[in-house]
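# Results of the structural survey
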Amino acid sequence: MAHLTNAGYAPKSIDHVHDVLSAVLRTAVKWGHLQENPARGVDLPTLRCVRPKWALTTSQATSLLAALPLLPRTMVGLAILSGLRRGELFALRWKDIDEHARLLTVREAVYDGTFSTPKTEAGSRQIPLSDTALELVGQWKSNVENTGADDLAFSTRLGTSISPNNILRRFIFPACKQLGLPHATWLTFRRTYSSWSHDKGVPGKVVAQLMGHANVDTTLNVYTQVLDGSMRDAVEKVGGELFTIVHKPTNKNSGSAA
């Protein structure tokens, strides 16, 4: 850890290396090769947020979708409306989208062209689709040729998986620049889904299950942002309640001096 720090690695990278190393050493302890995990108690550099976390407002999302061609518009819209991880979105096959049952089933994820099943039990899940999501998917499906059950819903002309970064660089980043927005990423869209759900009063446990999180704390602490206006709404609601208490009519005869 000291070597990585002196070499100028970012705190987040060092933290990730430590997590992996500690997991390996925990296994060594479990198997009897070590008496204790030497990675425990190591002082790590303070994590700092390099890029501020943010979520799209509804007006920003509407403007962004309107500025995108059909393919990226469908992918961004579905990401915002379903909370899918990047790898899950790019691994979707047509058999995973049941338009009649209005359900999306997460069975796979793809990273660097390699497909795999979800890492956790929570990752394998079904997500109900809204009318808007179904409309987006339907429009895209009517414009593509390969719609077999095992065909990727979003693919190259050869039917292979698309690079997520290519979609960002070619379409999403230029659209954000045109609209005067910060660069939105696939994580931004997933965070937007969580934040909108929270803002509309959806229970955290439900949002966590829909997003494939085993722990609701991950959903609330990592992916949920307080949207513009939410704090003002909260203050007004509390103020309204206090106003009714302070100005509640009282009985003139009660509380009089003896």
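Right, let's talk about helix 8 (residues 186-199) for a bit. In this model, helix 8 (14 residues) spans 20 Å end to end at C-alpha, consistent with the 20 Å of a helix rising 1.5 Å per residue. The element helix 8 is largely enclosed, with a buried count of 10 among its 14 residues. Every buried residue belonging to helix 8 is among W186, T188, F189, R190, R191, T192, Y193, S194, S195 and S197, and all of these are buried.

This model, assessed by the stated rule, comprises three aromatic pairs. Ring geometry for F90 versus W186: centroids 5.1 Å apart, planes at 85 degrees, classification edge-to-face. Highlighted residues: F90 in helix 5 (residues 86-90) and W186 in helix 8, separated in sequence by 96 residues. On the basis of relative accessible area, F90 is assigned to the buried category, the value being 1%. Note on W186: relative accessible area 5%, which makes it buried. Ring centres of W186 and F189 lie 5.6 Å apart, and the angle between their planes is 75 degrees; this geometry places the pair in the edge-to-face category. In this pair, W186 and F189 are both assigned in helix 8, three residues apart and thus about one turn of the helix distant. Taken individually, W186 and F189 each receive the classification buried, so the pair is uniform in this respect. Among the aromatic residues, ring-to-ring pairing joins F90, W186 and F189 into one connected group. It is R93 that lies over the ring of F115; its NZ or CZ is 5.0 Å from the centre.

Glycine aside, residues mostly have negative phi, and peptide bonds are mostly found in the trans state. Even without being a glycine, R102 presents a positive backbone phi close to 60 degrees. Positive phi, close to 55 degrees, is recorded for D112, a residue that is not glycine.

Looking now at the packing of helix 8 against helix 9 (residues 204-211). Where helix 8 meets helix 9, the axes come as close as 10 Å, and the angle between the chain directions of the two elements is 155 degrees. One finds that helix 8 runs roughly antiparallel with respect to helix 9. Between helix 8 and helix 9 the crossing geometry is right-handed. Contact with helix 8, carried on its side by R190, Y193, S194 and S197, involves V207, L210 and M211 of helix 9 and no other residues of that element.

This paragraph deals with the pattern of salt bridges. Counted according to the given criterion, the structure contains seven salt bridges. Linking R85 and E88 is a salt bridge whose minimum nitrogen-to-oxygen distance equals 2.8 Å. On the basis of relative accessible area, R85 is assigned to the partly exposed category, the value being 23%. A salt bridge links K95 to D150; the shortest N-O distance between them is 2.9 Å. Taken together, the positions of K95 in the loop between helix 5 and strand 1 (97-98) and D150 in the loop between helix 6 (131-141) and helix 7 (164-179) put the pair 55 residues apart, joining distant regions of the chain.

Across the sheet, which stays open at both edges, the three strands sit in the order 1-2-5 with antiparallel pairing between neighbours. Two strands lie at the open edges of the sheet, namely strand 1 and strand 5 (125-128), each paired on one side alone. Note that strand 2 (residues 103-106) and strand 5 share four bridges and pair antiparallel. Each bridged residue has a counterpart across the sheet, and for L104 the counterpart in strand 5 is I127.

Looking now at the nonpolar core. Counting residues in hydrophobic clusters, the biggest one holds 45 residues, and the most contacted among them are L89, F154, I172, W186 and F189. Only helix 3 (58-66), helix 4 (70-82), helix 5, strand 2, helix 6, helix 7, helix 8 and helix 9 provide two or more residues apiece to this core. Leaving out residues up to four positions away in the same chain, F154 has contacts with L71, T74, M75, L78, L89, F90, L92, W140 and I162.

It is worth spelling out helix 3 at this point. Among the residues making up helix 3, those that are buried are A61, L64 and L65. Down the axis of helix 3, the buried set is contained in an arc of 95 degrees. They therefore lie on one face. Set apart from the buried face of helix 3 by more than 90 degrees, the exposed residues are T62 and A66. Looking at the buried positions of helix 3, the neighbouring elements they touch are helix 4, helix 7 and helix 8.

What counts, and where the lines are drawn
Each chain has its residues counted from 1, running along the sequence as written. Thresholds applied to this predicted model are a pLDDT of at least 70 for local features of residues and 80 or more for the giving and counting of side-chain atom pairs; totals over whole chains, interfaces and linings are not thresholded and use all residues. Hydrogens are left out, water is left out, and the side-chain values use all remaining heavy atoms of the structure. Strands are runs of DSSP state E lasting at least two residues, helices are runs of H or I lasting at least four, and both sets are numbered from the N terminus onward. One less than the number of residues in a helix, times 1.5 Å, gives the span that helix is expected to have. Relative accessibility decides the category of a residue: with a 1.4 Å probe and only protein chains considered, values under 20% of the type maximum give buried, values over 50% give exposed, and everything between is partly exposed. The rule is short: rings of Phe, Tyr and Trp, with Trp giving its six-membered ring, pair when the centres are within 6.5 Å, and they are stacked under 30 degrees, edge-to-face over 60, tilted in between. Note on criteria: charge over ring means Lys NZ or Arg CZ within 6 Å of the ring centre, with the direction from the centre no more than 35 degrees off the ring normal. Note on geometry: axes are C-alpha line fits, over the in-contact stretch for helices, and angles between N-to-C directions span 0 to 180 degrees. Any angle between 65 and 115 degrees counts as roughly perpendicular, while under 35 counts as roughly parallel, over 145 as roughly antiparallel, and the rest as oblique. When the near helix sits turned anticlockwise from the far one by under a right angle, the crossing is termed left-handed; a clockwise turn instead gives a right-handed crossing. In what follows, a contact means two residues having at least one pair of non-hydrogen atoms within 4.5 Å. Whenever Lys or Arg places a side-chain nitrogen within 4 Å of a carboxyl oxygen from Asp or Glu, that contact is recorded as a salt bridge. Two strands pair under a simple rule: DSSP has to find at least two bridges between them. What makes a nonpolar core is a set of buried Ala, Val, Leu, Ile, Met, Phe, Trp, Tyr and Cys residues whose side-chain atoms join them at distances within 4.5 Å. Note: the arc covers the axis-to-C-beta directions of the helix.

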